[in-house]
Amino acid sequence: MSETILIIGACGQIGTELTQKLRTIYGNNSVIASDIREGNEELMESGPFEIVDATDREAILKVVNKYKVTQVYLMAAMLSATAEKHPQKAWDLNMSSLLLVLDLAKDKIINQVYWPSSIAAFGPTSPKQNTPQQTIMEPTTVYGISKISGEHWCNYYHQKYGVDVRSIRYPGIISWKTKPGGGTTDYAVDIYFKAIEEGKYECFLSEDTCLPMMYMDDAVNATIQIMQADSKDIKTRTAYNLAAMSFTPNQIASEIKKHIPEFEISYEPDFRQAIANSWPQVIDDSEARKDWGWNHDYDLASMTNEMLQNIKHKNNELLGLL
Ligand code: AKB
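Residues numbered from 1 in each chain as written. Predicted model: local features only at pLDDT ≥ 70, side-chain atom pairs only at ≥ 80, totals over all residues. Heavy atoms only, no water.

A. Representation of the pattern of salt bridges. The full count for this structure, using the stated rule, is twelve salt bridges. The salt bridge involving D230 is made with K232; its shortest N-O contact spans 3.7 Å. The partly exposed category is assigned to D230, whose relative accessible area is 43%. For K232, a relative accessible area of 60% puts it in the exposed group. Note that K290 is salt-bridged to D291, the shortest N-O span being 3.5 Å. (Salt bridge = Lys/Arg side-chain N within 4 Å of Asp/Glu carboxyl O. Buried < 20%, exposed > 50% of the residue type's maximum accessible area, 1.4 Å probe, protein only.)

B. Region of the structure containing the sheet that holds strand 13 (residues 245-247). Across the sheet, three strands lie side by side as 9-11-13; this open sheet has mixed pairing. The open sheet is flanked by strand 9 (172-174) and strand 13, the only strands paired with a single partner. Recorded for the sheet is a direction-independent mean angle of 45° between the axes of neighbouring strands. Pairing analysis gives three bridges linking strand 11 (residues 211-215) to strand 13, with the strands arranged antiparallel. (Pairing = 2+ DSSP bridges. Helix = DSSP H or I, 4+ residues; strand = E, 2+ residues; numbered from the N terminus. Axes fitted to C-alpha atoms, helices over the stretch in contact; angles between N-to-C directions.)

C. The packing of aromatic side chains, seen in detail. If you walk through the whole model with that rule in mind, you get ten aromatic pairs. Relative to Y156, the ring of W153 lies with its centre 5.9 Å away and its plane at 85°, an arrangement referred to as edge-to-face. With W153 and Y156 both in helix 6 (residues 142-161) and three residues apart, this pair spans about one turn of that helix. With a relative accessible area of 36%, Y156 lands in the partly exposed category. Following the ring pairs from residue to residue traces out a cluster consisting of W153, Y156, Y157 and Y161. Over the ring of Y161 we find K106; its NZ or CZ atom is 4.8 Å from the centre of that ring. (Phe/Tyr/Trp six-rings, centres within 6.5 Å; stacked < 30°, edge-to-face > 60°. Lys NZ or Arg CZ within 6 Å of the ring centre and 35° of its normal.)

D. The side chain of T223, seen in detail. Note that T223 resides in helix 8 (residues 216-228). Engagement of the side chain of T223 in a polar contact is seen with the side chain of Y170, the distance being 2.7 Å. When neighbours within four sequence positions are excluded, T223 is seen to be in contact with L18, Y73, Y114, I168 and Y170. (Polar contact = N/O pair within 3.5 Å; in protein donor to acceptor, adjacent residues only side chain to side chain. Contact = heavy atoms within 4.5 Å.)

E. Region of the structure containing empty space enclosed by the protein. One pass over the structure, following the stated rule, counts two cavities of 30 Å³ or more. Here the largest cavity is characterised by a volume of approximately 40 Å³. Lining the largest cavity are L74, A76, A77, N94, S97, W115, P116 and K147. A breakdown of the residues in the lining of the largest cavity according to their chemical character gives five nonpolar, two polar and one charged. The leading source of residues in the lining of the second largest cavity is helix 1 (residues 13-26), at three residues. Here the lining of the second largest cavity is built from residues that sort into no nonpolar, three polar and three charged. (1 Å grid on protein atoms, 1.4 Å probe; cavity = no way out; pocket = protein on both sides within 12 Å on 5 of 7 lines; lining within 4 Å. Points joined across faces, edges and corners; volume = space filled by probe spheres on them. Nonpolar A, V, L, I, M, F, W, Y, C, P; charged D, E, K, R; others polar.)

Functional significance is not addressed by these values, which are geometric in nature.
What follows is the structure, encoded as structure tokens:
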């Protein structure tokens, strides 16, 4: 069956690249991008775009009806660090957007929903190493509380109403096209830009803070793969653990130094250190690999290569050097 896809939050870090990839698969006119603000030129010019507030049910319903949308990818969210500063706003955005999209599926207006969870759904009492799919989950951040609650809402709508909702617990996602905003893992994106632009970086996490991470290409592939999987293979309707690599600021800096020997890193941990300390270090994603064939391509070395090359190329283009 042909799909018409609506992406809510299409101009964010993951939404931007997910939209472009979905457009190459399903056709530009079958993938409707939406956000509260306009996105980059490539996104705006390659297919339909609508200004939509993720918490506005009527506005979303209007777009769903206008394009006869069959699937929704809900990518709008307030991330961990910003959510600590605006707890009520974060809860309202992260929860009300999810519930209204789940209701569209419950009412059979759409057929399928993708909603991202995060490693933030775990907490300080979860095992830090090889964190299993099912374990103690007591998050201590507002973002994490919204993610664990959201996971259970997804599972509830699936069990009770048969809603076909699928979800992944993303690690920190690293990319060069669109920068993330307001996350605790954002340092692992900023460090590459600063390495090229200034030759140095002051990190807001301590040098030995190990966190799970993933290159954007792998994250986008996983997202589309779980949505395309046969429904009977999706055995987890909360959210799947997903992993590719884990590293510390010290390790990413050493990898960058292989390309930029004069690169310098310093450490000035702030409130985000406590958030990072509450999360797992290495995730066990064997269930995603077994159930729907997930596999990653990028490790720290290959990702660093890609990041540095692409940022240099992009900066040269902006300077008119290419
Ligand atoms: C954040 O740091 O808040 C996000 C996440 C791990 O979900 N990147």
